[in-house]
Amino acid sequence: MTCKTGDTVVLARGLIKRFGDFEAVRGINFEVRGGECFGLLGPNGAGKTSVVRMIYGFSPVTSGRLEVFGEDIGVKARSVKARIGVVSQEDNLDPELSVMENLLVYAGYFRINRDLAGERSREILEFMDLADKAGHVVESLSGGQKRRLTIGRALINRPDLMLLDEPTTGLDPYARHLVWQRLRKLKESGTTMILTTHYLEEASQLCDRLVIMNRGEVLEEGSPEELISRHVGREALELGSGAGLDQYLLEGMGELVKASRVLGEDLVIFTERGRELDRRISERAAELGIEIRRRGIRPANLEDVFLKLTGETLKGGREFTGGGSCD
Amino acid sequence: MIRGRQLPGGLTAGTDLCLPLALKVFYRNLLVFKKTWKANIMFNFVEPVLYLWAMGFGLGVYVSRINGLPYIDFLAPALIASSSMFSTTYEMTYDSFTRMAYKKTFHGMVATPVSLDDVVAGELLYGTFKGVLYGTVFLAVVAMFGLVKSPWALLVPLPLALMAMAFSILSMIWTSIAPNYDSFGYFFTLIITPMFLFSGVFFPVENLPPGVRLIPWFTPLYHAVEVIRSLVLGQVTRSLLADLAWLAIFILLTVRIPMVTVRKRLVQ
Ligand SMILES: Nc1ncnc2c1ncn2[C@@H]1O[C@H](COP(=O)(O)OP(=O)(O)O)[C@@H](O)[C@H]1O
Ligand SMILES: [Mg+2]
């Protein structure tokens, strides 16, 4: 039953979700293809969970079109859900039951027979590195182990599509890396995934393509590399001076500067050629008699794309001020 | 896929119900119950003993015969019903609320082919199961005290099941609209406790003032008490069929309500 690579698995056209008067998802479009890991990247409140809940039919679509495996989830809920694995943002394991029982009970909801369920559960525990915890009560697991179990539980029906809503939020860096490893393996095995996150690192490590969401809207779409090179170039040059750096430091730099943002007293400049830009700026600063106290070149990332598009950080809040973008 | 309309009696017409999946939900609760059932049943065994001692042998000394019976003979069968009612209502209020609002168990289930109606149906079945189990344990204690007078008592689980289902439904409706745990205090104070006191458990409803004498007839507990008392005492008459029918009709008329109200609460 697996989807062929490249087939459309989820299609959203003009998708809207309203809660009363509040529009949480404001007419978005996207398409997820078989075999890819598709990301919804955006800060809290962007509408990611609302989208995910519509995909597995928990939350009704207010208007617009949403097809999952070519079907309307509102009409074919059971057969569509039988092919999906959901890892929801909040934990909903059965805390009183053992790790193994959690998997077996969940298998029952898919009407998988006992033998097969047992066999798959053991495989899943092995894969999720939880085999030695099979008999433990879920309450006794760490946060990272619970998350891995939740992901494993979503695999019990061998889903054609996995929905992962902020799978590593709240985990420490080590636990997060363990989860990423597993997800990467799943991806390699060809599982189609939709992953929501507000961690740029997670999105760039795992997603083949993603949409950047903010306040219910899709701002951009593409692969992480595409988005970065389209909007901010390869590198970010960060300059600091006690006095506050000015845009006119950048005059005459032409194509070298793809975009720039003022962050407090710092200036962040996005460019394809960091070293050259750095040298030219130093010369100009010397001419103008401006002292640059700190300087650093780092690879540009998705966070920079989000900043450039919204003037806000992914963690929410307007850390960038006066954002004079000059592209 | 088994749809509602294939089930008998139009009981669930217009719902999205698949009985095998509802049974999986029931089974999940049963599995959790099995972890603690020994302690639970033990307490459940102790409680009726205490009740029978205090109410029957203690209070009974001061109460003259009721309807020609020693007070304990009158009281004990009714306590079977009320004990069953309490176990069902506690399960379907505090415990269901915990599953729904805190553990997000319902959310986890409906991410699978299970529908929300299946979840509610599974919960109702489980509430019914608990009521029947605890009522039957109470019956066993009553029998140990030598208070069972007739083999008709073997039929007690039937009225227990109908009554427990009725209370599962009522409790589930309240749970689905309850903002928090505190609100269950109102449910017990305003609905369950008055039923316990005035539905013929402790004294015949004929003793109520004329104006309110009819009120118990509208409660599930009253009808269950009538049937169970008659079975235990071996005073079986045709009128019991009317009580059973009352309970069955109550279930038929109300069973869809919690499915609607739970949906309303969870699906946004
Ligand atoms: N049930 C609801 N009722 C009202 N508003 C809601 C509800 N669920 C989400 N929202 C609002 O919709 C917006 C998007 O929420 P959500 O989809 O959870 O975002 P994200 O998952 O990206 O953090 C938020 O402003 C949130 O407050
Ligand atoms: Mg969310």
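Each chain has its residues counted from 1, following the order in which its sequence is written. Lettering for chains starts from A, numbering for ligands starts from 1, and both go in the order in which the items are written. The model is predicted, so local features are restricted to residues of pLDDT at least 70 and side-chain atom pairs to those at 80 or more, both for listing and for counting; the totals for chains, interfaces and linings are taken over all residues. Excluding hydrogens and water, the side-chain values take into account all heavy atoms of the structure.

Peer 1: Before we go on, may I ask you to explain the nonpolar core in this structure?
Peer 2: Generally speaking, nonpolar side chains in soluble globular proteins are found buried as a group. To form a nonpolar core, buried Ala, Val, Leu, Ile, Met, Phe, Trp, Tyr and Cys residues must be joined to one another through side-chain atoms within 4.5 Å. Any residue under 20% of the maximum accessible area for its type is buried, any over 50% is exposed, and the rest in between are partly exposed; the area is computed with a 1.4 Å probe on protein chains only. With 168 residues, the main nonpolar core has A:Val10, A:Phe30, A:Ile55 and A:Leu161 as its most contacted residues. Ranked by residues supplied to this core, first place goes to helix H2 (residues 71-102) of chain B with 14 residues. Two domains share this core, each providing at least three of its residues, namely domain 1 (8-226) and domain 2 (228-310) of chain A. Those residues in contact with A:Leu161 that lie beyond four places of it in its chain are A:Val9, A:Val10, A:Ile55, A:Val68, A:Phe69, A:Arg83, A:Ile84, A:Gly85, A:Thr192 and A:Ile194. Counting residues in hydrophobic clusters, the runner-up holds 14 residues, among them A:Leu237, A:Leu250, A:Met253 and A:Leu256. Put simply, DSSP marks the helices as runs of H or I at least four residues long and the strands as runs of E at least two long, and each gets a number from the N terminus on. Bear in mind that the domain bounds are from an automatic or database domain assignment. Whether two residues touch is decided by their heavy atoms; if any such pair falls within 4.5 Å, the residues are in contact.

Peer 1: How do you make sense of the coordination of the magnesium ion (ligand 2) when you look at a structure like this?
Peer 2: Four donors placed tetrahedrally around a metal ideally meet at 109.5 degrees, and six donors placed octahedrally ideally meet at 90 or 180 degrees. Residue and element names in this part refer to chain A. Within the first shell, the magnesium ion (ligand 2) binds the protein through Thr49 (OG1) and Gln89 (OE1), at distances of 2.0 to 2.2 Å. In this pair, Thr49 sits in helix H1 (residues 48-55) while Gln89 sits in the loop between strand S6 (84-87) and helix H3 (99-109), placing the two residues 40 residues apart along the sequence. Exposure remark for Thr49: the relative accessible area of 23% places this residue in the partly exposed category. Coordinating donors are taken to be N, O and S atoms lying within 2.8 Å of the metal, or within 3.2 Å when the metal is Na, K or Ca; because water is excluded from the atom set, some sites may appear incomplete.

Peer 1: What should I look at first to understand the sheet that holds strand S2 (residues 22-33) of chain A in this one?
Peer 2: Strands pair in a sheet through their backbones, by hydrogen bonds, and they do so in one of two ways: parallel or antiparallel. Residues and elements named next belong to chain A. The strand order across the open sheet formed by 4 strands is S2-S1-S4-S5, and the pairing between neighbours is antiparallel. Among the strands making up the open sheet, the edge pair consists of S2 and strand S5 (71-72). In this fold H1 packs onto strand S1 (8-19), S2 and strand S4 (63-68), with an angle of close to 60 degrees to the strand it touches most, S2. Note: two strands are recorded as paired if DSSP finds a minimum of 2 bridges between them. Orientation is described by lines fitted to C-alpha atoms, with helices fitted over the stretch in contact, and by angles between N-to-C directions that extend from 0 to 180 degrees.

Peer 1: Even after reading the chapter, I still don't get unusual backbone geometry, so can you show me in this structure?
Peer 2: With the exception of glycine, the majority of residues adopt a negative phi angle, and the majority of peptide bonds are in the trans configuration. All names here are of chain B. Even without being glycine, Asn67 reaches a positive phi, approximately 50 degrees. Looking at the element boundaries, Asn67 is found in the loop between helix H1 (19-58) and H2. Owing to a relative accessible area of 61%, Asn67 belongs among the exposed residues under this scheme. Not every positive phi belongs to a glycine, and Lys104 is a case in point at roughly 55 degrees. Along the chain, the position of Lys104 falls in the loop between H2 and helix H3 (105-110).

Peer 1: Explanation requested: the site of ligand 1 in the structure shown.
Peer 2: By convention in these notes, a residue is near a molecule or strand provided one of its non-hydrogen atoms lies within 4 Å of it. Looking at ligand 1, the residues that line it are A:Phe19, A:Phe22, A:Ala24, A:Pro43, A:Asn44, A:Gly45, A:Ala46, A:Gly47, A:Lys48, A:Thr49, A:Ser50 and B:Gln268. Each of chains A and B places residues next to ligand 1. Between N or O atoms, a polar contact is any pair within 3.5 Å; within protein, one atom must be a potential hydrogen donor and the other a potential acceptor, and residues adjacent in sequence are included only when both atoms are from side chains. At 2.7 Å from an oxygen atom of ligand 1 is found a main-chain nitrogen or oxygen belonging to A:Gly45. In this structure, A:Ala46 approaches ligand 1 through a main-chain N or O atom, which is 3.2 Å from an oxygen atom. Residue-level accessible areas treat just the shown protein chains as cover; the underlying method is Shrake-Rupley with a 1.4 Å probe. Contact with the protein chains removes 66% of the 560 Å² of surface that ligand 1 exposes when unbound. Of all the secondary-structure elements, those providing two or more residues to the shell around ligand 1 are S2 and H1 of chain A. In terms of residue count, the dominant contributor to the shell around ligand 1 is H1(A) (3 residues). Considered class by class, the residues forming the shell around ligand 1 number 5 nonpolar, 6 polar and 1 charged. Note on residue categories: nonpolar means Ala, Val, Leu, Ile, Met, Phe, Trp, Tyr, Cys or Pro, charged means Asp, Glu, Lys or Arg, and polar means any other residue, Gly included.

Peer 1: In this structure, what is going on with the domain arrangement of chain A? I would like to understand it.
Peer 2: The parts lose accessible area when they come together, and the size of an interface is often stated as this lost area. Residues and elements named next belong to chain A. Domain boundaries in chain A define domain 1 (8-226) and domain 2 (228-310). If you average the C-alpha positions of domain 1 and of domain 2, the two centres end up 38 Å apart. Listed as interface residues are 15 residues of domain 1 and, on the opposing side, 11 residues of domain 2. Accessible area that two parts lose when put together, with a 1.4 Å probe and added across both, is what the buried area reports. Between domain 1 and domain 2, roughly 1000 Å² of surface is buried when both sides are summed, and carbon and sulfur atoms account for 66% of that area. For the domain 1 face of the interface with domain 2, the top three residues by lost area are Leu200, Glu220 and Glu226, together amounting to 45%. For this document, the term salt bridge refers to a Lys or Arg side-chain nitrogen within 4 Å of an Asp or Glu carboxyl oxygen. Counting across the domain 1 and domain 2 interface gives 2 salt bridges. Across the pair Glu226 and Arg230 runs a salt bridge whose closest N-O atoms are separated by 3.4 Å.

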